[in-house]
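Residue-level structure breakdown
Each chain, written out:
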Amino acid sequence: MSNRQIAEVAQARLRSPFYSRISKLDRLNEWHGWKGYAATDALYDAELEYFAIRNSTAVFDLTPMTKYRITGPDALVFLDRLVTRDMHKIKSGRVAYAAWCDDQGQVIDDGTIFHLREGEYRLCSQERHLSWLRSASIGMDVSIVEETAEIAALAVQGPTSFSVLEKVGIPGLEELKPFGLMHADFQGAELMISRTGFTGDLGYELWIEAGKAEALWDALFEAGKLHGIMAIGTHALDMARIEAGFLTAGTDFVPAMDTVRSGRSRSPLELGLEWLVDFKKPNFNGRRALAEEARRGSTWRLVKLDIEGNKPAHHSYIYAKVRGRRKNVGFVTSATWSPVCKQNIALGTVHMPHGEPGSDLWVEIYYQREMHWSRVMAKALVVDKPFWDPARRRATPPGPY
């Protein structure tokens, strides 16, 4: 074969179908890689974008999320064996948050499973799992197809999101309940709308073929002109998801298949996801190990911390008072100052039996001002509820803001 016949392999980051629209709005030129795609940290100002989530409508490009279409006679049996929750309870037109584990009961990833139509599912996650999913399906009559590039997706979040989408012209949207999904026609293409999100607020996610992505973006922003619609980057979304107490793979836990050292992964029971584990099911990946952990007790516990002061506790150690002395019992995984709650908040992981809700811990915070580092030991209260959970998130029909 001559050199002329060898096609060059693209090395640059992939561009989402919304790239042309997002890049026109970008004022900061701060991008990062997200599973091979170029994604923005922020477009104008991260805090300004954050307030769009809480006060109007924020639009976030979800396209890099990994998507698998799962169909076939054994699709339900396959998914029910794969994840820890009972998938028989997720009827057509509903969405389930789920986690899946290895044989040791350690979380490989979490994500959402959309029951699109009877026997037809879409699994959406941050990490890529095609080889694992196909290995787990051996012996079953099931089709698993990756459709990450074919399906463009947007998160449309915030109190005016319903009003914006109603103006786009989606009949029946007012009846869509949290974790429900519906299909609508958009310029001759099928638009799937789910009432889901990663912000803990009223919001929706839109899914459409990549060829209609720009037209959907344009219609959305035209409809949202008077409702404060704004495109946002990852930093704003991260602030909102910490307020909601949502976990991020690779930040709040290391996916089991990525760990090198033993003891660095976590089980669902150690991540506060015991409500996702249904031991009434006779079989699912990791069941035996999780049943044993439930009997003997977990090693780690996820904690939500309300910390005194206003210095965010990024990468801080967590201490507990043991026999009159402070002892290192864990570390912070995510932290932010919450503008809407006016609280210094964090998620962390601590050794059992520390971290009972209502108990006090201490967080060692380092911060720098004009080259000089300072250290504070800040008291932190362990809470068991999300920091932000407005009633509008669940209201059906949503209010016309």
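Residues numbered from 1 in each chain as written. Predicted model: local features only at pLDDT ≥ 70, side-chain atom pairs only at ≥ 80, totals over all residues. Heavy atoms only, no water.

An unreviewed UniProt entry lists the protein chain under the name Glycine cleavage system protein T, with Woeseia oceani as the source organism.

Here we look at the overall build of the protein chain
Stated precisely, the cut-off is as follows: A helix here means a DSSP run of H or I that spans at least four residues, while a strand means a run of E at least two residues long, and both kinds are numbered starting from the N terminus. Relative accessible area decides the class of each residue, using a 1.4 Å probe on protein chains only: under 20% of the type maximum gives buried, over 50% gives exposed, and in between gives partly exposed. Two residues form a contact once any of their heavy atoms are found within 4.5 Å. Areas reported here follow the Shrake-Rupley algorithm with a probe of radius 1.4 Å; residue values treat only the protein chains shown as occluding. Neither His nor the chain ends contribute to the count of charged residues, in which Lys and Arg are positive and Asp and Glu negative. One atom stands in for each charge, and that atom is NZ of Lys, CZ of Arg, CG of Asp or CD of Glu.
From N to C terminus, the protein chain includes eight helices and 19 strands. Dimensions of the protein chain, computed from the C-alpha atoms along their principal axes, are close to 70 × 60 × 55 Å. Among the 401 residues that make up the protein chain, the fraction classed as buried is 53%. Once local pairs closer than 6 in sequence are excluded, the contacts in the protein chain between residues at least 24 apart make up 67%. Carbon and sulfur atoms form 50% of the exposed surface of the protein chain, whose accessible area is close to 19,200 Å². Within the protein chain, the 50 negative side-chain charges are centred at a point lying 5 Å from the centre of the 50 positive side-chain charges.

Brief notes about the pattern of salt bridges
Where charged atoms of side chains with opposite charge meet at close range, the side chains can pair. Filter applied, for reference: Only one rule defines a salt bridge in this text: a Lys or Arg side-chain nitrogen within 4 Å of an Asp or Glu carboxyl oxygen.
Considering all chains together, one arrives at 23 salt bridges under this definition. For Asp-201, the salt bridge identified is with Arg-54, shortest N-O distance 3.1 Å. With Asp-201 in the loop between strand S11 (189-194) and strand S12 (203-209) and Arg-54 in helix H2 (residues 46-55), this pair connects stretches of sequence that are 147 residues apart. Judged by its relative accessible area of 3%, Arg-54 is buried.

Regarding unusual backbone geometry
Cis geometry marks the peptide bond from Met-352 to Pro-353; its omega dihedral reads 5 degrees. Residue Pro-397 is reached from Thr-396 by a cis peptide bond, and omega for that bond is 0 degrees. Located in the positive-phi region is Asn-29, a residue other than glycine, with phi close to 55 degrees. What makes Asn-29 exposed here is its relative accessible area of 63%.

Re the environment of Tyr-366
We count it as follows: Contacts described as polar in this section are N or O atom pairs within 3.5 Å, which, within protein, must combine one atom able to donate a hydrogen with one able to accept it, while residues neighboring in sequence count only if both atoms come from side chains.
Tracing the sequence through the fold places Tyr-366 in strand S18 (residues 360-369). Separated by 40 residues in sequence, Tyr-366 and Arg-326 place their C-alpha atoms 17 Å apart. Each residue touching Tyr-366, except ones within four places of it in the same chain, is listed here: Trp-373, Ser-374 and Arg-375. In this structure the side chain of Tyr-366 is engaged in a polar contact, spanning 3.2 Å, whose partner is the side chain of Glu-364.

What to know about the UniProt feature "domain: GCVT N-terminal" (unreviewed entry) in the protein chain
Filter applied, for reference: UniProt positions are given in the numbering used here, feature names are shortened, and annotations may be inferred rather than shown by experiment.
This chain's UniProt record puts "domain: GCVT N-terminal" (unreviewed entry) on residues 45-281. End C-alpha atoms of residues 45-281 are separated by 47 Å, and the span's content is 23% helix alongside 29% strand.

Some words on the nonpolar core
The criterion, for reference: Only buried residues count toward a nonpolar core, which is a set of Ala, Val, Leu, Ile, Met, Phe, Trp, Tyr and Cys residues joined through side-chain atoms within 4.5 Å.
By size, the foremost hydrophobic cluster in this structure holds 31 residues, and its most contacted members are Leu-173, Ile-193 and Leu-220. Contributions of two or more residues to this core are made by strand S9 (151-157), helix H5 (161-168), strand S10 (181-186), S11, S12, helix H6 (213-223) and strand S13 (229-231). For this core, the element with the most residues is H6, which contributes six residues. When residues no more than four places from it in sequence are discounted, the contact partners of Leu-173 are Phe-162, Leu-165, Glu-166, Met-182, Ile-193 and Tyr-204. Judged by nonpolar contacts, the second largest core, of 25 residues, contains Tyr-50, Ile-53, Ala-58 and Leu-237.

Concerning the packing of H2 against helix H7 (residues 234-244)
Going by this rule: For helices, the axis comes from a line fit to the C-alpha atoms of the stretch in contact; other axes are also lines fit to C-alpha atoms, and the angle between any two N-to-C directions lies between 0 and 180 degrees. For classification purposes, angles smaller than 35 degrees are called roughly parallel, those larger than 145 roughly antiparallel, those between 65 and 115 roughly perpendicular, and all remaining angles oblique. For any helix crossing, the convention is left-handed if the near helix is rotated counterclockwise from the far helix by under a right angle, and right-handed if that rotation is clockwise.
Two elements in contact, H2 and H7, have axes separated by 8 Å at closest approach and are oriented at 50 degrees. Judged on the interaxial angle alone, H7 and H2 are oblique. Crossing hand, H2 versus H7: right-handed. Of the residues in H7, those touching H2 at Ala-46, Glu-47, Glu-49, Tyr-50, Ile-53 and Arg-54 are His-235, Ala-236, Leu-237, Met-239, Ala-240 and Glu-243.

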